[in-house]
Amino acid sequence: MAPRATYLDWNANAPMHPAAIDAVSEALGLAGNPSSVHGYGRRARQAVNVAREAVARLVNAAPDEVIFTSGGTEANNLALRGFPRRRVMVSAIEHESALAAATAVDGGRIPVTRAGIVDLAALEEMLVADARPALVSVMFANNETGVVQPAAEVAQIAHRHGALFHCDAVQGPGKLPVDFRALDGDLMTISSHKIGGPMGSGALILRGDLAIEPFVKGGSQERGRRGGTENFPGIVGFGAAALVACAMEGSAEIATLRDEAERRLSALAPGAVIFGHDAPRLPNTLCIAMPGVPSATQVIALDLAGVMVSAGAACSAGKVTRSHVLEAMGAPPAMLECAIRISLGRGTVAADIDHLVEAWGALYARTRASAA
Amino acid sequence: MTGAIARKPNQPPVYLDYQATTPCDPRVVEAMLPWFTEKFGNPASVTHAYGREAEEAVERARAQLASLIHADPREIVFTSGATESNNLAIKGALRFHRQFGKDHVVTLTTEHKCVIESAHAMAREGFRATFLPVEGNGLVDLGKLAAAIDERTAIVSVMAAHNEIGVIQPVAEVGTLCRERGVLFHSDAAQAVGKIPVDVEAMSIDLMSISGHKIYGPKGIGALYVRRRPRARIAPLIDGGGQERGLRSGTLPTPLCVGLGEAAALAQAEMAEEAPRLLALRQRFLDGIKEKLPRAQLNGDPEQRLPGNLNLSFPGIPALELMAACPGLALSTGSACTAAEVEPSFVLRALGISPELAAASLRIGLGRFSTAAEVDYAVDSLAAAVKRLGAAPMTSALAGTT
């Protein structure tokens, strides 16, 4: 019998939903450039428009506010570089794509509290201290800790000071309701492969009356805001996944499983620390430190046991580095170097949690024995 | 004369737009499918088995693509497509080399819109851009190109094979010239790679854009070849997690990378047979048109062109009307990226073709799934439509090139 494989890294990539697989498979069989005027092209264009409506609906935006991109990283770069006359203020726990894009027009880092929530008072002070027009970027929920940020409050503060508000909502849709209108966003990033759609697709939502400086120039695709032949199967798959994500099926069960994992791991290792425990969190994410055991040791041991988790964001180019997120929360080095991220999804079942607890518990017991 | 087949009522139109996009080869789809379904790891998730399996697949694809163009796998940077690659090459080279006093780009007036737009955007940022006209056959004059390069030129960008008129530029000669003058040579080879031999070593190419969906691979993926020795230095366009050696951040879309790799491997294996087959089809098309419509004329060099491309003018017959009169054919007037625009092709205008004749021109793209029967049907359809539309008194015949 093959050893059990337990995938608990859904924040890195969510396996595709069957509806999205079907949509992509069908689209791959069709010829046609959505920008071509003949029948093949028009059919592709129509499919892109249907997907645009689904993606808009997922976050309660208008279809013409959706700019399809190659993914969340490109969308964040487009958003934060798209207003060259504004200084860009990002929270200290943003995804690396937002942190890196912001350095081009750096307006400073907004600190977070120990609980992992953006410090609203500090944001207000920063905006008061510098009257230049600004763009504030704060994520919907953190990819490592799952801590949900007060996006609507950030928008209010930003707008009060004439700033635009960008929300990186890559982690959010499908897990919690995300409403572009209700939180009064100006820009919002979403990603396909985090919600069960294909990799290589994402979108920037741009409030209807805003103009942006495009940075991938080309033809007149996406109404001149993003050049390049539309990734038609990718967009169609993203649309299919968006329809499914709207329903947020299984979200309550996932939260129950996550809470159970948290309870059992904490009981096994009394010194364990749960990051973001005191803040509202995504229902699927658990960031936990096993004191004294480096993250790398944990993920390797879990991998050998067939349990797949991560030591933070996947994007750090394969390196297991210190988490800037936990650092910004003021976690002591001894703790942040021992943290792993466990993220659940649609397919996660109780047996997966048993597998995780068993493997993590075995490692904990081994390290205790060798320390004794 | 022809053995043209009658089209059945519900048969889809004959696809003659292979320069706009190619269908994804079923073998490519087959190779991609497992990576959409059970093999779903993020290739950057090297902490676990699913991630490493995806990483290996991406690296295999990288090697397949590198092999097609005689490059080292480490010289391949995956992007979202040729448009992004072109943006990255031109903006990245200029931004990086400004610190050395090099702030000038030289390109052609007939380049793809995204190259021209990138150069314009950089000009607005304070860089210099020179747009060099081409000769009447669509080819660059090497003497004029040499004269356009100055001591502050950072990069020369010349398309390998043209998306509208199919002409193949003297890439190796341009490469030699650029190497001698110490400037980077970028080539938008979206239409050339996989269709004709492209060798970055033999052609002294420093940066080269590649597209997935032009070579029977998936949309949403492309690559930029970035030379390692001597190193072509560029600044990244998209920052983030540092994937692709820092030159292009963002989660690598495993299935799309696998699809591009497979498409490259198929092109490499089949090019030697496929190119002459397409050339024969192209000749069959051209011969048929010449026989039935002697006033039609070919735009762009008749010899130095892609095996699967024709660009034909039908004097006095507006292209949009001609396309409407041929519902059994999927045709275009030129680049799909500008298909929504009503202006006649700027490329044909740059060749010195009058606005009237440019507006009476069609691009015919043949490809892997084109057949002789389809060609015969297309020729018959076009000939019948031209004769019908031209039954009204026409303007005098224009001086033809063919």
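Residue numbers here run from 1 along each chain, matching the order of that chain's written sequence. Chain letters start at A and ligand numbers start at 1, both assigned in the order the entries are written. Selection of residues for local features in this predicted model requires a pLDDT of at least 70, selection of side-chain atom pairs for listing and counting requires 80 or more, and totals for whole chains, interfaces and linings are taken over all residues. Excluded from the side-chain calculation are hydrogens and water; included are all heavy atoms of the structure.

## Re the overall build of chain B
Counting from the N terminus, the helices are the DSSP runs of H or I reaching at least four residues and the strands are the DSSP runs of E reaching at least two. Scanning chain B from terminus to terminus reveals eleven helices and twelve strands. What you see for chain B is a C-alpha radius of gyration of 22 Å, in line with the 21 Å of a compact globule of 402 residues. With the C-alpha coordinates of chain B rotated into their principal frame, the extents come out at 70 × 55 × 35 Å. Evaluated residue by residue, chain B yields a buried proportion of 62% over its 402 residues. When contacts within chain B are restricted to residue pairs at least 6 apart in sequence, long-range pairs at least 24 apart make up 76% of them. Reported accessibility uses the Shrake-Rupley method at a 1.4 Å probe radius. Residues are deemed covered only where the shown protein chains occlude them. Surface accessibility of chain B: about 14400 Å² in total, with carbon and sulfur atoms responsible for 55%. When charges are counted, neither His nor the chain ends are considered; positive counts come from Lys and Arg and negative counts from Asp and Glu. Charge positions are represented by NZ for Lys, CZ for Arg, CG for Asp and CD for Glu. A distance of 2 Å separates the average location of the 41 positive side-chain charges in chain B from that of its 43 negative side-chain charges. Each radius of gyration is computed over the set of C-alpha atoms, and the globule rule expresses the reference value as 2.2 Å times the number of residues to the power 0.38. Working definition: with a 1.4 Å probe on protein chains only, accessible area under 20% of the residue-type maximum means buried, over 50% means exposed, and in between means partly exposed. Contacts are assigned to residue pairs that have any heavy atoms within 4.5 Å of one another.

## As for the interface of chain B and chain A
Counting from both sides, the interface comprises 62 residues of chain B and, opposite them, 59 residues of chain A. When the two sides are added together, the surface that chain B and chain A hide from each other amounts to roughly 4500 Å², 63% of it contributed by carbon and sulfur. By convention in these notes, a salt bridge is any Lys or Arg side-chain nitrogen within 4 Å of a carboxyl oxygen on Asp or Glu. If you look at where chain B meets chain A, you find two salt bridges. By the criterion applied in these results, polar contacts are pairs of N or O atoms within 3.5 Å in which, for protein atoms, one can donate a hydrogen and the other can accept it, and in which residues neighboring in sequence qualify only through two side-chain atoms. Remark: the boundary between chain B and chain A carries 19 residue pairs in polar contact (both at pLDDT 80 or more). Of all elements in the fold, only α1 (26-36), α2 (49-68), α3 (82-97), α4 (113-124) and α7 (254-292) of chain B reach the threshold of two or more residues within the side of chain B that touches chain A. Ranked by residues supplied to the side of chain B that touches chain A, first place goes to α4 of chain B with six residues. When two components associate, each loses some accessible surface as probed by a 1.4 Å sphere; the sum of these losses over both components is called the buried area.

## Brief notes about the domain arrangement of chain A
Residue and element names in this part refer to chain A. Segmentation of chain A into domains returns domain 1 (6-15 + 250-371) and domain 2 (18-247). Computed from C-alpha coordinates alone, the two centres of domain 1 and domain 2 are separated by 27 Å. Each side of the interface is counted separately: domain 1 has 29 residues, and domain 2 has 29 residues. Carbon and sulfur atoms supply 56% of the area buried between domain 1 and domain 2, which totals about 2400 Å² over both sides. When the buried surface of domain 1 facing domain 2 is broken down by residue, Leu282, His324 and Met329 rank first, second and third, together holding 25% of it. The interface formed by domain 1 and domain 2 includes zero salt bridges. Where domain 1 meets domain 2, there are 13 residue pairs in polar contact (both at pLDDT 80 or more). Contributions of two or more residues to the side of domain 1 that touches domain 2 are made by β10 (285-289) and α10 (324-328). A per-element tally of the side of domain 1 that touches domain 2 places α10 first, with four residues. Residue polarity is assigned by list, with Asp, Glu, Lys and Arg as charged and Ala, Val, Leu, Ile, Met, Phe, Trp, Tyr, Cys and Pro as nonpolar; anything else, Gly included, falls into the polar class. Classifying every residue of the side of domain 1 that touches domain 2 by side-chain character gives 15 nonpolar, eleven polar and three charged. How far each domain reaches was decided by an automatic or database domain assignment.

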